[in-house]
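Notes for the structure review
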Amino acid sequence: MSHANDPRDADARALSQALREQEQQAPVPDVSEALQQRLRVETRDSGVGYVVVQVLLLGALLAAGVWYFWR
């Protein structure tokens, strides 16, 4: 059987075409709203109060470490 008449090639082409068509029909998710929501959450966490709390927690951790090792 020659390569030109191989039925597996026709099957492969048909499968490839079907997969391309299915991929074109698949809806593309809209992630812009999710990204905007994520940005809102992250910018809320970067406020002054958040930074103050983080600095206080770091200071408390360092103070506890100093107290533990020099006691």
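Before reading further, recall that the structure is shown in the block above.
To keep things clear, this report deals only with the structure shown in the data block. No experiment lies behind these values; they were computed from the predicted model shown. (Residues numbered from 1 in each chain as written. Predicted model: local features only at pLDDT ≥ 70, side-chain atom pairs only at ≥ 80, totals over all residues. Heavy atoms only, no water.)

1. Side note on the packing of aromatic side chains
Put simply, the test is: Ring pairs shown here join Phe, Tyr and Trp side chains whose ring centres sit within 6.5 Å, with only the six-membered ring taken for Trp; geometry is labelled stacked below 30 degrees between planes, edge-to-face above 60, and tilted in between. Working definition: with a 1.4 Å probe on protein chains only, accessible area under 20% of the residue-type maximum means buried, over 50% means exposed, and in between means partly exposed.
The tally for this structure, following the rule as stated, stands at one aromatic pair. The interplanar angle of 85° and the centroid separation of 5.1 Å between the aromatic rings of Y68 and F69 together place this pair among those described as edge-to-face. Here Y68 and F69 have matching classes, each one exposed.

2. Quick look at the pattern of salt bridges
Put simply, the test is: The working definition used for a salt bridge is a side-chain nitrogen of Lys or Arg within 4 Å of a carboxyl oxygen of Asp or Glu.
Following the criterion strictly, the structure yields one salt bridge and no others. R40 is the partner of E33 in a salt bridge, and the nearest nitrogen-oxygen pair spans 3.6 Å. Relative accessible area serves as the criterion here: at 47%, R40 is assigned to the partly exposed category.

Everything listed is a geometric property; what it means functionally is a separate question.
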